[in-house]
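# Examination of the molecular architecture
Residue-level listing of the chains:
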Amino acid sequence: VVLYCVGIMVLMLLVFSASARALTTRENYRTEKEFRDQYVLKMFFFIYVDGFMMFWILALYHIPLCMYSSDDELKQISIAGIQLFHKSQQLDVYLAQLTNVCITTIVTVQLLTLARKNLLPFMAKFLAERQAQHKYAELSTLDQHLHKLCDESRSPQFELFDDWD
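Residues numbered from 1 in each chain as written. Predicted model: local features only at pLDDT ≥ 70, side-chain atom pairs only at ≥ 80, totals over all residues. Heavy atoms only, no water.

### Side note on the overall build of the chain
The number of helices and strands found in the chain is five helices and two strands. Listed N to C, the secondary structure of the chain is α-α-α-β-β-α-α in terms of helices and strands. For the chain, the residues scored as buried account for 12% of the 165 residues in total. Within the chain, contacts between residues separated by at least 24 positions form 47% of all contacts whose residues are at least 6 apart in sequence. Looking at the chain as shown, the accessible area adds up to about 13500 Å², and 66% of this sits on carbon and sulfur atoms. (Helix = DSSP H or I, 4+ residues; strand = E, 2+ residues; numbered from the N terminus. Buried < 20%, exposed > 50% of the residue type's maximum accessible area, 1.4 Å probe, protein only. Contact = heavy atoms within 4.5 Å. Areas by Shrake-Rupley, 256 points an atom, 1.4 Å probe, with all protein chains shown as cover.)

Shown next as structure tokens:
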């Protein structure tokens, strides 16, 4: 279940990123800074609506409705013919499930952020070093050192807090 949720979240982030990039490119900003600012704004909006709007609706509408309504009133509430509450103790179970969803969402987002910001640059650097070792294995020690210096001067340097795009 967790892998399925992670897959859906990654897929949605890819779709949001492609959509935000396409919309921002279509607007044709003059400078790279304006482009990036608008791209970040669109990504924030997409992620906010997808990830947090459900919690705002629950907090501002659904939970107060349940807290200040009687059991009989709750049993009468239906949306599109579907009765929302069947039992009198359903609210406690619902709030426990909502807590679990919130915790799972926060942990999953943090793990994805950790992987994107820390593991991907490390893995890219490790793979590049392995390819370089195989590439220059048959050269002499001096040639290996010179090629390594040339490769380091051409490759971008990623520090601890750099963005990985």
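### Details of unusual backbone geometry
Backbone phi values are negative for most residues with the exception of glycine, while trans is the configuration of most peptide bonds. In this model, N28 sits at a positive phi of 60 degrees, which is unusual for a non-glycine residue. The topology assignment puts N28 in the loop between α1 (2-27) and α2 (32-67).

### As for the environment of F52
Position of F52 among the secondary structure elements: in helix α2. On a C-alpha basis, the gap between F52 and T105 in space is 9.9 Å, while along the polypeptide they are 53 residues apart.

### A short note on the pattern of salt bridges
A complete count under the given rule lists four salt bridges for this structure. Linking K42 and E27 is a salt bridge whose minimum nitrogen-to-oxygen distance equals 3.1 Å. Here E27 lies in helix α1 and K42 lies in helix α2, a separation of 15 residues in the sequence. Classification of K42 by relative accessible area gives buried; the value is 14%. A salt bridge links R30 to E34, with the nearest nitrogen and oxygen atoms 3.7 Å apart. The class of E34 is partly exposed, set by a relative accessible area of 29%. (Salt bridge = Lys/Arg side-chain N within 4 Å of Asp/Glu carboxyl O.)

### Some details on the packing of aromatic side chains
Ring pairs (aromatic) are described by centroid distance and by the angle formed between their planes. Scanning the model with the defined rule gives three aromatic pairs in all. Between F16 and F46, the ring centres sit 5.5 Å apart and the planes meet at 20 degrees, which makes this aromatic pair stacked. Pair noted here: F16 is in helix α1 and F46 is in helix α2, with a separation of 30 residues, a long-range link. Note on F16: relative accessible area 12%, which makes it buried. When the centroid spacing of 6.1 Å and the interplanar angle of 20 degrees are considered together, the rings of F44 and Y48 count as stacked. Residue F44 and its partner Y48 are both found in helix α2; the two are separated by four residues, about one turn of the helix. (Phe/Tyr/Trp six-rings, centres within 6.5 Å; stacked < 30°, edge-to-face > 60°.)

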